[in-house]
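In case you want the letters, here they are:
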Amino acid sequence: MTPEPTVLAWTEAELGVEGGVLEVVRAPRPVLATPGERVDPTAPDVVQLAADLVATMRVSPGCVGLAAPQVGIGAQVFCVDVSAHPKTRGHHGTFVLCNAEVLEASRNERAREGCMSVPDLTGDVKRASRVVVRGELPGSGTEVTLAAEAFEARALQHEIDHCAGLLFLDRVAGAHAVHHRKTYL
Ligand SMILES: [Zn+2]
(Lines give C-alpha, C1' and ligand atoms only; values in the text may rest on other atoms or scores of the structure.)
Protein backbone atom coordinates (compact mmCIF):
# COMPACT_ATOMS: atom_id res chain seq x y z
CA MET A 1 0.00 0.00 0.00
CA THR A 2 1.17 3.48 -0.82
CA PRO A 3 1.57 5.71 2.26
CA GLU A 4 -0.71 8.74 2.60
CA PRO A 5 0.75 11.73 0.74
CA THR A 6 2.54 14.16 3.04
CA VAL A 7 1.63 17.81 3.26
CA LEU A 8 4.85 19.48 2.28
CA ALA A 9 5.55 22.41 4.61
CA TRP A 10 9.16 22.78 3.55
CA THR A 11 11.16 25.78 2.43
CA GLU A 12 14.81 26.02 1.53
CA ALA A 13 15.31 28.16 4.67
CA GLU A 14 15.36 24.82 6.52
CA LEU A 15 18.66 24.01 4.82
CA GLY A 16 20.34 26.76 6.82
CA VAL A 17 22.97 27.41 4.15
CA GLU A 18 23.23 29.95 1.36
CA GLY A 19 22.94 28.46 -2.14
CA GLY A 20 25.40 29.32 -4.87
CA VAL A 21 24.66 29.44 -8.58
CA LEU A 22 26.34 26.57 -10.44
CA GLU A 23 27.06 26.11 -14.13
CA VAL A 24 24.49 23.93 -15.92
CA VAL A 25 26.12 21.28 -18.11
CA ARG A 26 24.74 20.25 -21.48
CA ALA A 27 24.41 17.01 -23.43
CA PRO A 28 26.48 15.06 -24.37
CA ARG A 29 28.32 15.42 -21.04
CA PRO A 30 28.63 11.83 -19.70
CA VAL A 31 27.31 12.75 -16.22
CA LEU A 32 23.90 13.37 -17.84
CA ALA A 33 23.81 9.79 -19.10
CA THR A 34 25.03 8.16 -15.87
CA PRO A 35 22.71 6.98 -13.07
CA GLY A 36 23.22 9.14 -9.97
CA GLU A 37 24.33 7.67 -6.65
CA ARG A 38 21.97 7.45 -3.72
CA VAL A 39 22.82 10.08 -1.11
CA ASP A 40 22.62 10.61 2.64
CA PRO A 41 20.10 13.50 2.76
CA THR A 42 21.52 14.70 6.09
CA ALA A 43 25.14 14.98 4.84
CA PRO A 44 26.43 18.58 4.74
CA ASP A 45 27.54 18.34 1.10
CA VAL A 46 24.05 17.13 0.11
CA VAL A 47 22.42 19.99 2.03
CA GLN A 48 24.73 22.45 0.24
CA LEU A 49 23.96 20.83 -3.12
CA ALA A 50 20.23 21.18 -2.42
CA ALA A 51 20.66 24.91 -1.73
CA ASP A 52 22.82 25.33 -4.84
CA LEU A 53 20.25 23.58 -7.05
CA VAL A 54 17.48 25.88 -5.78
CA ALA A 55 19.67 28.98 -6.27
CA THR A 56 20.58 27.90 -9.82
CA MET A 57 16.95 27.14 -10.69
CA ARG A 58 15.91 30.58 -9.39
CA VAL A 59 18.26 32.51 -11.66
CA SER A 60 17.37 30.47 -14.74
CA PRO A 61 14.41 31.89 -16.66
CA GLY A 62 11.62 29.36 -17.21
CA CYS A 63 13.40 26.67 -15.18
CA VAL A 64 10.91 24.49 -13.25
CA GLY A 65 13.36 21.89 -11.98
CA LEU A 66 17.02 21.04 -11.85
CA ALA A 67 18.78 17.77 -11.00
CA ALA A 68 22.28 17.21 -9.62
CA PRO A 69 23.64 15.61 -12.84
CA GLN A 70 22.81 18.89 -14.61
CA VAL A 71 25.37 20.67 -12.44
CA GLY A 72 27.89 17.89 -13.04
CA ILE A 73 27.21 15.88 -9.86
CA GLY A 74 26.14 12.25 -10.22
CA ALA A 75 23.73 12.16 -7.28
CA GLN A 76 20.01 11.47 -6.78
CA VAL A 77 19.02 15.00 -5.74
CA PHE A 78 16.76 17.45 -7.57
CA CYS A 79 14.66 20.53 -6.99
CA VAL A 80 11.29 21.43 -8.49
CA ASP A 81 9.22 24.59 -8.49
CA VAL A 82 6.41 24.84 -11.02
CA SER A 83 4.51 27.54 -9.10
CA ALA A 84 5.30 30.33 -11.58
CA HIS A 85 4.73 28.33 -14.74
CA PRO A 86 1.70 29.17 -16.87
CA LYS A 87 0.83 25.46 -17.39
CA THR A 88 0.61 24.81 -13.66
CA ARG A 89 -2.52 23.76 -11.84
CA GLY A 90 -1.89 22.41 -8.32
CA HIS A 91 1.66 22.39 -6.94
CA HIS A 92 3.81 22.02 -3.81
CA GLY A 93 5.91 25.20 -4.22
CA THR A 94 9.68 24.84 -4.06
CA PHE A 95 11.09 21.56 -2.81
CA VAL A 96 14.14 19.33 -3.03
CA LEU A 97 14.01 15.55 -2.92
CA CYS A 98 16.79 13.02 -2.42
CA ASN A 99 16.67 9.37 -3.57
CA ALA A 100 13.22 9.90 -5.07
CA GLU A 101 11.20 7.20 -6.81
CA VAL A 102 7.82 6.99 -8.48
CA LEU A 103 5.49 4.75 -6.46
CA GLU A 104 2.37 5.13 -8.61
CA ALA A 105 1.81 6.54 -12.07
CA SER A 106 -1.38 6.81 -14.06
CA ARG A 107 -3.15 8.64 -16.89
CA ASN A 108 -0.53 8.93 -19.62
CA GLU A 109 -0.47 12.16 -21.56
CA ARG A 110 1.83 13.41 -24.32
CA ALA A 111 3.21 16.97 -24.04
CA ARG A 112 6.08 19.15 -25.21
CA GLU A 113 9.08 19.20 -22.90
CA GLY A 114 12.39 21.03 -22.73
CA CYS A 115 15.55 20.93 -20.62
CA MET A 116 18.35 23.36 -19.74
CA SER A 117 20.85 20.62 -20.58
CA VAL A 118 19.37 20.26 -24.09
CA PRO A 119 18.81 23.96 -24.80
CA ASP A 120 18.13 23.86 -28.54
CA LEU A 121 15.52 21.10 -28.69
CA THR A 122 12.13 20.19 -27.29
CA GLY A 123 10.36 16.85 -27.49
CA ASP A 124 6.92 15.30 -27.27
CA VAL A 125 7.08 13.00 -24.27
CA LYS A 126 4.42 10.66 -22.95
CA ARG A 127 4.31 10.73 -19.16
CA ALA A 128 1.87 10.00 -16.37
CA SER A 129 -0.24 13.02 -15.49
CA ARG A 130 -0.73 11.72 -11.97
CA VAL A 131 2.09 10.33 -9.83
CA VAL A 132 2.85 9.49 -6.25
CA VAL A 133 6.52 10.06 -5.51
CA ARG A 134 8.53 9.08 -2.46
CA GLY A 135 11.72 10.82 -1.45
CA GLU A 136 13.71 12.26 1.44
CA LEU A 137 14.05 15.92 2.36
CA PRO A 138 17.59 17.30 2.48
CA GLY A 139 18.66 18.38 5.95
CA SER A 140 16.23 16.46 8.15
CA GLY A 141 16.19 13.35 5.97
CA THR A 142 12.43 13.11 6.58
CA GLU A 143 10.76 10.66 4.23
CA VAL A 144 7.87 12.20 2.29
CA THR A 145 5.37 11.04 -0.29
CA LEU A 146 3.88 13.54 -2.71
CA ALA A 147 0.86 13.18 -4.95
CA ALA A 148 1.38 15.42 -7.97
CA GLU A 149 -0.68 16.10 -11.07
CA ALA A 150 -0.36 17.56 -14.53
CA PHE A 151 2.64 19.83 -15.04
CA GLU A 152 4.17 19.18 -11.61
CA ALA A 153 3.87 15.41 -12.19
CA ARG A 154 5.70 15.84 -15.50
CA ALA A 155 8.45 17.94 -13.88
CA LEU A 156 8.95 15.29 -11.17
CA GLN A 157 9.27 12.47 -13.71
CA HIS A 158 11.69 14.56 -15.80
CA GLU A 159 13.93 15.20 -12.76
CA ILE A 160 13.76 11.61 -11.49
CA ASP A 161 14.84 10.58 -15.00
CA HIS A 162 17.87 12.92 -14.76
CA CYS A 163 18.85 11.17 -11.52
CA ALA A 164 18.69 7.85 -13.41
CA GLY A 165 20.87 9.15 -16.25
CA LEU A 166 17.99 9.74 -18.68
CA LEU A 167 17.10 12.82 -20.73
CA PHE A 168 13.75 13.60 -22.34
CA LEU A 169 15.42 12.64 -25.64
CA ASP A 170 15.55 9.06 -24.30
CA ARG A 171 11.75 9.16 -23.89
CA VAL A 172 10.57 10.51 -27.23
CA ALA A 173 8.85 8.17 -29.66
CA GLY A 174 11.27 9.01 -32.48
CA ALA A 175 12.92 11.78 -34.50
CA HIS A 176 9.49 13.11 -35.54
CA ALA A 177 8.85 13.96 -31.88
CA VAL A 178 11.94 16.21 -31.56
CA HIS A 179 11.65 19.90 -32.42
CA HIS A 180 13.96 22.89 -32.65
CA ARG A 181 13.22 25.32 -29.87
CA LYS A 182 11.85 28.67 -31.00
CA THR A 183 11.47 30.38 -27.63
CA TYR A 184 12.73 29.31 -24.23
CA LEU A 185 9.36 29.44 -22.45
ZN1 LIG B 1 16.07 18.51 -17.69
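The chain appears in an unreviewed UniProt entry as Peptide deformylase from Nocardioides euryhalodurans. Regarding the chain, the relevant UniProt record gives this comment under Catalytic activity (unreviewed entry): "N-terminal N-formyl-L-methionyl-[peptide] + H2O = N-terminal L-methionyl-[peptide] + formate".

## Quick notes on the overall build of the chain
On a plain count of helices and strands, the chain comes out with 2 helices and 6 strands. Ordered by position from N to C terminus, the α and β elements of the chain give α-β-β-β-β-β-α-β. Taken over C-alpha atoms, the radius of gyration comes to 15 Å for the chain, in line with the 16 Å a tight globule of 185 residues would show. With respect to the principal axes defined by its C-alpha atoms, the chain has extents near 45 × 35 × 30 Å. Residue burial in the chain is summarised as follows: out of 185 residues, 42% are buried. Put simply, of all contacts in the chain between residues at least 6 apart along the chain, 72% involve residues at least 24 apart.

## Notes on the UniProt feature "active site" (unreviewed entry) in the chain
In the numbering used here, UniProt assigns the feature "active site" (unreviewed entry) to E159. Relative to the assigned elements, E159 resides in helix α2 (residues 150-163). Residue E159 is classed as buried on the basis of its 27 C-beta neighbours within 10 Å. Not counting the four nearest positions on each side in its chain, E159 is found in contact with G65, A67, F78 and V80.

## With respect to helix α1 (residues 44-58)
Residue pairs three or four apart in sequence face the same way in an α-helix, which turns once every 3.6 residues. A rise of 1.5 Å per residue sets the reference length of α1, with its 15 residues, at 21 Å; its end C-alpha atoms lie 21 Å apart and thus fit the reference within 8%. Taken residue by residue, α1 has V46, V47, L49, A50, A51, D52, L53, V54, T56 and M57 as its buried positions. Looking at the packing, one finds that the buried side of α1 touches β1 (65-67), β2 (77-80) and β3 (95-115).

## Looking at the UniProt feature "binding site: Fe cation" (unreviewed entry) in the chain
As recorded in UniProt, the sites labelled "binding site: Fe cation" (unreviewed entry) are C115, H158 and H162. A stretch of 48 residues holds the annotated residues, and the largest C-alpha distance among them is 10.2 Å, short enough that they meet in one place. Within the fold, C115 resides in strand β3. We classify C115 as buried; it has 25 C-beta atoms within 10 Å. Ignoring sequence-local partners within four residues, the contact set of C115 consists of L167 and F168. Along the chain, the position of H158 falls in helix α2. Overall, H158 belongs to the buried group, with 23 C-beta atoms counted inside 10 Å. Residues contacting H158, with those up to four places away along its chain left out, are G65, E113 and F168.

Rules and cut-offs
Residues numbered from 1 in each chain as written. Predicted model: local features only at pLDDT ≥ 70, side-chain atom pairs only at ≥ 80, totals over all residues. UniProt positions renumbered as here; feature names shortened; annotations may be inferred. Helix = DSSP H or I, 4+ residues; strand = E, 2+ residues; numbered from the N terminus. Rg over C-alpha atoms; globule rule 2.2 N^0.38 Å. Buried ≥ 20, exposed ≤ 12 C-beta atoms within 10 Å, placed from the backbone. Contact = placed C-beta atoms within 7 Å. Expected span 1.5 Å × (residues − 1).

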